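Okay, here's what each chain looks like letter by letter:
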Amino acid sequence: MARENEASCDAIFVAKRPGQELLFISHPNYDRRLSCNIFGHIWMCGNWKGWEVWRFVKIDDDGTFIITSWTHDRKVLCSDRDGRVFTTENKEGTWEKWKVSLHQKSHGVRIQSVEHGRYLAFSGKDMYTMVKDEDTAWHLEPANLNRFFISSKCHDKRISSSNDHPFTHHNRKGWEKWVIEPTGATIGQFVIRSLKHGKYLVSSGGGKIIVSEFQHYWTICSSPYGGVFLQSVDTGGRLSCNEHGHVCTTDASEGWETFCLEPIMPGTISEKQIWSLVGIGITSIVLAVATPFAVMGAIGAIGFGAEGIAAGSMAAGMMSAEAIASGGGVIAGGTVATLQSVGAVGLGAAGASAAAAAGAAIGGLSSFGVVLAGQGLVNGQNKINLDEYAKHLPLCSWRIWK
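For clarity, every value in this text was computed on a predicted model and none was experimentally measured.

Thresholds, definitions, all that
- Residues numbered from 1 in each chain as written.
- Predicted model: local features only at pLDDT ≥ 70, side-chain atom pairs only at ≥ 80, totals over all residues.
- Heavy atoms only, no water.
- Helix = DSSP H or I, 4+ residues; strand = E, 2+ residues; numbered from the N terminus.
- Buried < 20%, exposed > 50% of the residue type's maximum accessible area, 1.4 Å probe, protein only.
- Contact = heavy atoms within 4.5 Å.
- Areas by Shrake-Rupley, 256 points an atom, 1.4 Å probe, with all protein chains shown as cover.
- Polar contact = N/O pair within 3.5 Å; in protein donor to acceptor, adjacent residues only side chain to side chain.
- Phe/Tyr/Trp six-rings, centres within 6.5 Å; stacked < 30°, edge-to-face > 60°.
- Lys NZ or Arg CZ within 6 Å of the ring centre and 35° of its normal.
- Pairing = 2+ DSSP bridges.
- Salt bridge = Lys/Arg side-chain N within 4 Å of Asp/Glu carboxyl O.
- Disulfide = S-S within 2.5 Å.
- Core = buried A, V, L, I, M, F, W, Y, C linked by side-chain atoms within 4.5 Å.

Novice: How would you explain the overall build of the chain if you had to name every residue and give the values?
Specialist: Looking only at helices and strands, one finds 4 helices and 28 strands in the chain. Residue burial in the chain is summarised as follows: out of 402 residues, 52% are buried. Taking all contacts inside the chain whose residues are at least 6 apart in sequence as the whole, residues at least 24 apart take part in 52%. Just so you have it, the chain exposes about 17700 Å², and 51% of that area is on carbon and sulfur atoms.

Novice: An account of the side chain of serine 162 is requested, with residue identities and associated values reported.
Specialist: Here serine 162 shows up in the loop between β15 (158-161) and β16 (166-169). Judged by its relative accessible area of 10%, serine 162 is buried. A distance of 3.1 Å separates a polar atom in the side chain of serine 162 from the backbone nitrogen of aspartate 164. Apart from residues no more than four positions distant in its own chain, serine 162 is found in contact with Phe167, Trp175, His197 and Val211.

Novice: Explain unusual backbone geometry to me, using residue names and the numbers behind them.
Specialist: Phi at leucine 145 takes a positive value of approximately 50 degrees, unusual for a residue other than glycine. Along the polypeptide, leucine 145 turns up in the loop between β13 (139-142) and β14 (147-152). Positive phi, close to 65 degrees, is recorded for asparagine 146, a residue that is not glycine. Within the fold, asparagine 146 resides in the loop between β13 and β14.

Novice: Please provide a residue-by-residue account of the packing of aromatic side chains, values included.
Specialist: Per the counting criterion, the structure on display carries 4 aromatic pairs. With a centroid separation of 5.0 Å and 80 degrees between ring planes, the pair formed by phenylalanine 24 and tryptophan 48 is classed as edge-to-face. Here the residue phenylalanine 24 occupies a position in strand β2 (residues 20-27), and tryptophan 48 occupies one in the loop between β4 (42-45) and β5 (53-58), the gap between them amounting to 24 residues. With a relative accessible area of 0%, phenylalanine 24 lands in the buried category. Classification of tryptophan 48 as partly exposed rests on a relative accessible area of 33%. Between phenylalanine 167 and tryptophan 175 the ring centres are 6.4 Å apart and the planes differ by 70 degrees, which places this aromatic pair in the edge-to-face class. A cation over an aromatic ring shows up here: arginine 238 above the ring of phenylalanine 229, its NZ or CZ 3.9 Å from the ring centre.

Novice: With reference to specific residues and values, describe the pairing of β13.
Specialist: The alternating pattern of β13 places His139 and Glu141 and Leu140 and Pro142 on opposite faces, both of which are buried. Bridge count for β2 against β13 is 4 bridges, and the pairing is antiparallel. Each residue of the ladder has a partner; that of leucine 23, found in β13, is proline 142.

Novice: Run through the environment of proline 224, naming residues and quoting values.
Specialist: Locating proline 224 in the fold gives a position in the loop between β21 (218-222) and β22 (228-232). With relative accessibility at 68%, the residue proline 224 sits in the exposed group. Spatially, the C-alpha atom of proline 224 lies 8.6 Å from that of glycine 255, the residues being 31 residues apart in sequence.

Novice: Any details on the pattern of salt bridges? Residues and values, ideally.
Specialist: This structure, assessed with the given rule, holds 11 salt bridges. The partner of aspartate 31 in a salt bridge is arginine 33, and the shortest N-O contact between them spans 2.8 Å. Judged by its relative accessible area of 44%, aspartate 31 falls in the partly exposed class. Aspartate 82 is the partner of arginine 84 in a salt bridge, and the nearest nitrogen-oxygen pair spans 3.8 Å. In this structure, arginine 84 and aspartate 82 share a single accessibility class: exposed. Each of the salt bridges in this network shares a partner with another, and the network as a whole consists of Asp156, Arg158, Arg172 and Glu262.

Novice: I'd like to hear about the pairing of β15, residue by residue, with values.
Specialist: Across the two faces of β15 the burial is the same, with Arg158 and Ser160 and Ile159 and Ser161 all buried. Pairing analysis gives 4 bridges linking β15 to β16, with the strands arranged antiparallel. Note that in β16 the partner of serine 160 across the bridge is phenylalanine 167. Connecting β15 to the next strand, β16, in antiparallel fashion are 4 residues.

Novice: Describe the environment of serine 113, and please don't skip the residues or the numbers.
Specialist: With respect to the helices, strands and loops of the structure, serine 113 is situated in strand β10 (residues 109-113). On the basis of relative accessible area, serine 113 is assigned to the buried category, the value being 1%. For the pair formed by serine 113 and valine 100, sequence separation is 13 residues and the distance between their alpha carbons is 9.2 Å. Residues in contact with serine 113, not counting those within four places in the same chain, are Ser79, Lys97, Trp98 and Arg118. A polar atom in the side chain of serine 113 sits 3.5 Å from the backbone nitrogen of glutamate 115.

Novice: Requested: an account of the state of the cysteines, with residues and values cited.
Specialist: Overall, the coordinates contain 0 disulfides when judged by the stated rule. For cysteine 154, which is in no disulfide, the shortest distance to another cysteine sulfur is to cysteine 241 and amounts to 8.3 Å.

Novice: Describe the nonpolar core, with residues and values.
Specialist: In summary, soluble globular proteins display a tendency toward joint burial of nonpolar side chains. Grouped together as the largest cluster of nonpolar side chains are 26 residues, with contacts concentrated most on Ile25, Trp54, Phe56, Trp138 and Leu140. For this core, the element with the most residues is strand β9 (residues 98-102), which contributes 3 residues. Residue contacts for isoleucine 25: discarding those within four places in its chain leaves Arg32, Arg33, Leu34, Glu52, Trp54, Phe56, Ile67, Ile111, Trp138, His139 and Leu140. Counting residues in each nonpolar core, the second largest holds 19 residues, with Ile192, Leu201, Trp218 and Leu230 among its members.

Here it is as structure tokens:
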């Protein structure tokens, strides 16, 4: 995104490969996301899951992209001269090229076919492209919705929080999830909010860290130890985790202040992955592609569930076998991790979209930092000039484009 070694000042989220972003394409008037279902067909839905994530791949310095499904990476968004919108598997054609620009009449961006000059639009029922750009505004949101685990690089512990106070833990569960959002007032400043409890992480002075209902501003910059520093705007202290796992702020620079921001990606499962589950012998989901709810029943029946792996079940035996084969651990992204992710997440009532993480969903992504003022990207009005687009301005920061 912003620069090859920098991340967005609007989301801190960046794809590992330069020139690519993972985004939701959201229509604000109807609160619907563009989705690519299990068969690779597009539709609009209310979910914020893996089938609704799209990869914008920059192909030139003029802001031209191809847009592929994150889950079904061979599927490319395409439109024809008559305004029909669909997916293909052709990444080299002209119908698959799009330009993104700030909408001049509405709050959002325009997504325009390079070949036909038509704008992506949604009527509330149908997807199409149209010649006029009226009512064609879209919102591009980062695929992790600015949600992160904040992990101490030195001690492999996550910043966690109860409703009353922060602490650290080895978990990556609900209390360890944080939303890191730009303030909207000053570029490069963020608030850090607990997703579970809604309270903000605050440096209260004297090295003390608390959680509060009141916002507190932080800056984020690269650490020489391979992660980032999170520094309080008010106190100047850096968020730190000492050898005892105690969270505080410090003025020192000994490595305890280095954190990794791990993006929390939505769950997804592709047709290929479902057939892979069939291939390992779960015969009761042979029809899983047509009826994905059958997947959940089969996986739950063998012991993978929301509370973990059931003792004495087939799942427990699979876990033991994999641990022995791998020398003592369960492989991230392997069969057991994938099945447990499916069992834990579940499809839910709104699960027409897929559910289930694929084990190492974040494996193809990395982090982070900010676009800092004074580096040629920010003008006096706290807006980013589109003239600097040649370095692939982050699309998710469209709200501060000029």
